[in-house]
Amino acid sequence: AETSRRGHATRLAQGAAANGTEVVVVLGGDGTLNEAANGLAGTRCALAALPGGSTNVFARTIGLPNDPIEATGALLDALARSSIERVGLGSVNGRYFLFHTGVGFDAAVVEQVEKRGALKRYAGHPLFIYAGFATWFRHYDRTRPRFAVHHVDGSVVDDAYLSIVLNTNPYTYLGDRPLELAPEATLDRGLAAVTMRTMAFARMLRIIGSALGNGKALRRSRWVDHRTDLDGLTIRAYGPVPYQVDGDHLGDADVLVFRHERDVLDLVLP
């Protein structure tokens, strides 16, 4: 079945699960895969991924080749071995996510990319880099913190500009190179949250450079709040703030409630 609009993959997956289908295979990008996961979460119908988008973060994260033909071979081998595991997902305001949710500047960049959706598949990473600079200079208020992050232990990060809540690592790929924010984020552990407390250009470049390397400078920076193994957290914005889920911009929100949902999805693993 071919999807034709936003949300269609969720309804197709829900229908497949209700009809007793054992496995739903999704050929598409991360957004389509996220929709299918939201349709299958809580059922016994398994999700299998085939990379068909511009970046394919989740498919590559679980070890699939980025070429869809090679990935098909790996997927058939996994199904022959019945390599299916029950894994945890993150959720934000009731929406499940497979690998991450971005709040603030990150989501504003995704919004600019989606405004040029016709170029996304072909321009790929250069488009994201262009959108990053365009957002930095014209489309995001960097003059003040945009939200506060409230953790369940009572601590609050009240000067946040950007936050990434991760269910897996890496955050994304630049070509073949992973952008590592929280190696501790895996499908069998709680969420990780990386919050940037600065938008100074030089500091941000050092943080991004660290993420492309071993990430030690990122985790030690006083401008970064880094938490792992979280059951949940709440973001309260100082006015509506943009957010994106698995690479899809979902609009603006004043409050975002995150939860780690354990053992909620059957996933085919290579």
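Here, the structure is the one placed above.
Quantities reported herein were computed from a predicted structural model and do not represent experimental measurements.

Conventions we followed
- Residues numbered from 1 in each chain as written.
- Predicted model: local features only at pLDDT ≥ 70, side-chain atom pairs only at ≥ 80, totals over all residues.
- Heavy atoms only, no water.
- Core = buried A, V, L, I, M, F, W, Y, C linked by side-chain atoms within 4.5 Å.
- Buried < 20%, exposed > 50% of the residue type's maximum accessible area, 1.4 Å probe, protein only.
- Helix = DSSP H or I, 4+ residues; strand = E, 2+ residues; numbered from the N terminus.
- Patch = residues over 30% accessible without salt bridge, like charges linked within 9 Å, V, L, I, M, F, W, Y side chains within 5 Å.
- Areas by Shrake-Rupley, 256 points an atom, 1.4 Å probe, with all protein chains shown as cover.
- Salt bridge = Lys/Arg side-chain N within 4 Å of Asp/Glu carboxyl O.
- 1 Å grid on protein atoms, 1.4 Å probe; cavity = no way out; pocket = protein on both sides within 12 Å on 5 of 7 lines; lining within 4 Å.
- Points joined across faces, edges and corners; volume = space filled by probe spheres on them.
- Nonpolar A, V, L, I, M, F, W, Y, C, P; charged D, E, K, R; others polar.

A look at the nonpolar core
Working step 1: Counting residues in each nonpolar core, the largest one holds 37 residues, and the members touching the most others are Leu40, Leu47, Phe58, Leu98, Leu265 and Leu267.
Working step 2: With 5 residues, the single largest contributor to this core is strand E2 (residues 46-51).
Working step 3: By size, the runner-up hydrophobic cluster in this structure holds 26 residues, among which are Ala108, Val113, Leu127 and Trp136.

Focus: a nonpolar patch on the surface
Working step 1: On the surface, a cluster of nonpolar side chains totalling about 530 Å² of accessible area is made up of Ile129, Phe133, Phe137, Phe201 and Leu205.
Working step 2: Elements supplying a minimum of two residues to the nonpolar patch: helix H7 (125-139) and helix H8 (201-212).
Working step 3: No other element matches H7, which puts 3 residues into the nonpolar patch.
Working step 4: Relative to the elements of secondary structure, Ile129 occurs in helix H7.

Focus: the layout of surface pockets
Gaps between atoms show up when a probe of the same size as a water molecule is rolled over them.
Working step 1: By volume, the second largest pocket is sized at about 280 Å³.
Working step 2: Looking at the second largest pocket, it is lined by 13 residues, and the ones nearest its centre are Ala1, Thr3, Leu12, Val25 and Val26.
Working step 3: Elements supplying a minimum of two residues to the lining of the second largest pocket: helix H1 (8-18), strand E1 (23-28) and helix H2 (30-40).
Working step 4: Looking at the lining of the second largest pocket residue by residue, the classes come out as 10 nonpolar, 2 polar and 1 charged.

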